[in-house]
Amino acid sequence: MGKKSRVKTQKSGSGASTVVSPKEMMNLISELLQKCSSAAPSAGKEWEEYVQIRGLVEKIRKKQKGLSTVFEGNREDYFPDLMAWAQENGASCDGFTLADFGTEGYGLRASRDIKAEELFLWIPRKMLMTVESAQNSLLGPLYGQDRIMQAMGNVTLALHLLCERASPSSFWLPYIRSLPQGYDTPLYYQQDDVQLLLGTQAVQDVLSQYKNTARQYAYFYKLLQTHPAASKLPLKDGFTFDDYRWAVSSVMTRQNQIPTEDGSRVTLALIPLWDMCNHTNGLITTGYNLEDDRCECVALKDYKENEQIYIFYGTRSNAEFVIHNGFFFQDNAHDRVKIKLGVSKSERLYAMKAEVLARAGIPASCVFALHCNEPPISAQLLAFLRVFCMTEEELKDYLLGDGAINKIFTLGNSEFPVSWENEIKLWTFLENRAALLLKTYKTTSEDDLAVLEKPDLSLHSRLAVLLRLAEKQILEKVSASGRDKRLYYQKKLEEGAPLPHFEESDIALLENSDTDAKLPIILHKLEEVEERDGLQVEEPLLNGEKVGLGAEESREVGRDVASDRTGQTEASEQSANRTEDAPKENSK
């Protein structure tokens, strides 16, 4: 491959770069920014808004045809340079090679036998692209004066990536050239592919991702054209939507959290080589060695020579994988769907239920998760549903009765029901709720399976159908599990079986059990709550961490482009099919 012309400007079909007047483009950009910054559409109008925004984006893309910067040749042509650059800068490169694994894409192939827990890969800090390296680059002056960039490290990384890509002398060029030219995130879907997700829980996040990406692009386009601190940036004369979409997807699928040099906080980073590892089930095997100032990864299991080396990305749902990573993981042991439940404030027993929940550390309204495995609900959700279904007498017992404080410990424990009637009521509620949610889909599981048999189905359409099928299969399992549990407890009631009683000595059993359902509810954090703010710090090195590209920092830019927890409160609530109606109560 020729080495002289590393970067080129794409040419339009006519053989010449498209010529568009700055005024015409700025008018389109302003229209896009205004459309994306308007108030959220009313329920049922989200798709209409998406189509309108997409129409504006396509007008802009058409006028920008031929202006995007791309590298010549194929991606793999640059792998030797990547490996040489990594070795020159202190990374470990002797235990693996880069290889094509077909439908899984490129990954790491063991070049020798590697033992489980063996340290086989390390990447020094100087090779990482971070928010700090962006501040120390040409982007620094603009970063120092723009509060949006200061609040959104993800966007800073995306712009940092674009600036370095446009610089022939960039230190990171060997890494940047090795990145994919395009991605399979929904930002790259055709409109018909996105339409396949209508009626799913995931669709709201997909539509929001597109809207927020378009809004941020319009905002930063105007900023780059008008801000004095942007005058020397290489992006000023060539910043297309396709460029930004590529950068956003590169960051979204690859960014991770690492500690700062002094270890006082976390920052965002792109980690060359390591970010090429593909995902499998397992445990987190990557950490950051502050003493040696490098990212380190140990082997998840024994690998034989020529086997692919995998890492575990974290406990992500397939919706998260599809939306933020661009793939569907068929054997995902952590797949789940969201459900918003709340005690209605108009309910007569609201105050009592809210108090019992508060003592257990659970909000009166919350987004929970329904899981693909047994049990389908966590200790937190079990506790919530028990309180949700309590009679006035049962509530009084948990508030004022003998051992009321200790009884709070049993709420999330499946071995200590409140009453047989309460168990029947909660599992009936869950069975019916899952069944009702299934009826909101436009297709059945059988319909989806038939579509997946079509040989001409595009990759993006396949991902969309797989995702909507997975949602339904989880709800089907939850409904079936609810039915089985309901029948089980009905039999207990009919047999007059004695109710297990909690003794204070049982606390040790609750605390020492490995089963989530047996832990004291107040000792848990609400892991399935999808609406937490801030950066995830418990798993600081998850491949492709999806920390939000945005926060509510201005009316123009708004919330995340794509996130794992940050800024998705509204999106989660809209997609989680909420209920705040209490079950029928036999109050006497």
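Residues numbered from 1 in each chain as written. Predicted model: local features only at pLDDT ≥ 70, side-chain atom pairs only at ≥ 80, totals over all residues. Heavy atoms only, no water.

**Thoughts on the overall build of the protein**
Part 1 of the argument: Within the protein, the secondary structure is distributed over 21 helices and 14 strands.
Part 2 of the argument: Sorting the 588 residues of the protein into buried and exposed places 56% on the buried side.
Part 3 of the argument: Taking as baseline every contact in the protein between residues at least 6 positions apart, the subset at least 24 positions apart corresponds to 76%.
Part 4 of the argument: Just so you have it, the protein exposes about 25,300 Å², and 50% of that area is on carbon and sulfur atoms. (Helix = DSSP H or I, 4+ residues; strand = E, 2+ residues; numbered from the N terminus. Buried < 20%, exposed > 50% of the residue type's maximum accessible area, 1.4 Å probe, protein only. Contact = heavy atoms within 4.5 Å. Areas by Shrake-Rupley, 256 points an atom, 1.4 Å probe, with all protein chains shown as cover.)

**With respect to the nonpolar core**
Part 1 of the argument: Counting residues in hydrophobic clusters, the biggest one holds 118 residues, and the most contacted among them are F220 and F239.
Part 2 of the argument: It is helix α10 (residues 203-226) that provides the largest number of residues to this core, a total of 12 residues.
Part 3 of the argument: With residues near it in sequence (within four places) discarded, F220 still touches D146, I148, M149, V155, L159, F239 and Y244.
Part 4 of the argument: By size, the runner-up hydrophobic cluster in this structure holds 43 residues, among which are I339, C366, L385 and I474. (Core = buried A, V, L, I, M, F, W, Y, C linked by side-chain atoms within 4.5 Å.)

**Structural notes on the sheet that holds strand β12 (residues 308-311)**
Note on sheets: strands pair through backbone hydrogen bonds, and any given pair is parallel or antiparallel.
Part 1 of the argument: Strands sit in the order β3-β4-β12-β9 across an open sheet of 4 strands; the sheet is mixed. A strand with exactly one partner marks an edge of an open sheet, and here the two such strands are β3 (96-100) and β9 (278-279).
Part 2 of the argument: Strand direction decides the pairing type here: β3 and strand β4 (residues 106-110), joined by 5 bridges, are antiparallel. Residue pairing for β4: A99 is matched across the bridge by G107. (Pairing = 2+ DSSP bridges.)

**Overview of the confidence of the model for the protein**
Part 1 of the argument: Mean pLDDT over the protein: 84, with 82% of residues reaching 70 or higher.
Part 2 of the argument: Predicted confidence is poor over residues 1-17, with pLDDT under 50, and the contacts of this stretch with residues over four places away or in other chains come to 39 contacts.
Part 3 of the argument: Note on residues 507-588: pLDDT under 50 across the span, and 270 contacts to partners over four residues away in sequence or across chains. (pLDDT = per-residue confidence, 0-100.)

**Describing the side chain of T185**
Part 1 of the argument: As for its position among the elements, T185 is in the loop between α8 (173-177) and α9 (191-195).
Part 2 of the argument: In terms of polar contacts, T185 uses its side chain to reach the side chain of S249, at 3.2 Å.
Part 3 of the argument: Discounting chain neighbours no more than four positions away, the residues touching T185 are S249, M252, T253, V322, I323, H324, N325 and G326. (Polar contact = N/O pair within 3.5 Å; in protein donor to acceptor, adjacent residues only side chain to side chain.)

**Digging into the packing of aromatic side chains**
Part 1 of the argument: Applying the stated criterion across every chain, the model contains 23 aromatic pairs.
Part 2 of the argument: Geometrically, the ring pair formed by F171 and W172 is edge-to-face, given 5.4 Å between the ring centres and 80° between the ring planes.
Part 3 of the argument: Since its relative accessible area comes to 34%, F171 is described here as partly exposed.
Part 4 of the argument: Relative to F241, the ring of Y217 lies with its centre 5.6 Å away and its plane at 85°, an arrangement referred to as edge-to-face. One end of the pair, Y217, is in helix α10; the other, F241, is in helix α11 (residues 241-254), with 24 residues separating them in the sequence.
Part 5 of the argument: Exposure remark for Y217: the relative accessible area of 0% places this residue in the buried category.
Part 6 of the argument: Taking the relative accessible area as the measure of exposure, F241 reaches 2% and is therefore buried. (Phe/Tyr/Trp six-rings, centres within 6.5 Å; stacked < 30°, edge-to-face > 60°.)

**Focus on the side chain of T267**
Part 1 of the argument: Tracing the sequence through the fold places T267 in strand β8 (residues 266-270).
Part 2 of the argument: Relative accessible area serves as the criterion here: at 4%, T267 is assigned to the buried category.
Part 3 of the argument: Side-chain polar atoms of T267 contact the side chain of E132, separated by 2.8 Å.
Part 4 of the argument: Residues contacting T267, with those up to four places away along its chain left out, are V131, E132, N256, Q257, I258, P259 and T260.

**A look at helix α14 (residues 379-388)**
Part 1 of the argument: In terms of residue burial, α14 counts as a mostly covered element, since 10 of its 10 residues are buried.
Part 2 of the argument: Residues of α14 that are buried sit in contact with β13 (336-342), α13 (350-359), β14 (365-371), α15 (392-400) and α17 (420-438).

**What to know about the sheet that holds β8**
Part 1 of the argument: Within the open sheet, the 3 strands sit side by side as β6-β8-β7. Their pairing is antiparallel. Edge positions in the open sheet fall to β6 (129-130) and β7 (256-259), since each of these has one partner strand only.
Part 2 of the argument: Pairing analysis gives 2 bridges linking β6 to β8, with the strands arranged antiparallel. By the bridge assignment for β8, M129 is matched with L270.

**Side note on the pairing of β4**
Part 1 of the argument: Burial analysis of β4 places 4 of its 5 residues in the buried class, which makes it a mostly covered element.
Part 2 of the argument: Taking the residues that link successive antiparallel strands as the turn, the β3-β4 hairpin has 5 residues, and the phi of G102 there is positive, at about 65°.
Part 3 of the argument: As paired strands, β4 and β12 are joined by 2 bridges and run antiparallel to one another. When the bridges of β12 are listed, R109 appears paired with Q308.

**A word on the packing of α17 against helix α19 (residues 459-495)**
The relative placement of two packed helices comes down to the angle between their axes together with the axis-to-axis distance.
Part 1 of the argument: Put simply, α17 and α19 touch, their axes get as near as 8 Å, and they point 155° apart. With respect to their mutual orientation, α17 and α19 come out roughly antiparallel. In terms of crossing hand, the pair formed by α17 and α19 is left-handed.
Part 2 of the argument: A breakdown of the residues in the contact of α17 with α19 according to their chemical character gives 12 nonpolar, 4 polar and 9 charged. (Axes fitted to C-alpha atoms, helices over the stretch in contact; angles between N-to-C directions. Parallel < 35°, antiparallel > 145°, perpendicular 65-115°, else oblique. Left-handed = near helix turned anticlockwise from the far one by under 90°. Nonpolar A, V, L, I, M, F, W, Y, C, P; charged D, E, K, R; others polar.)

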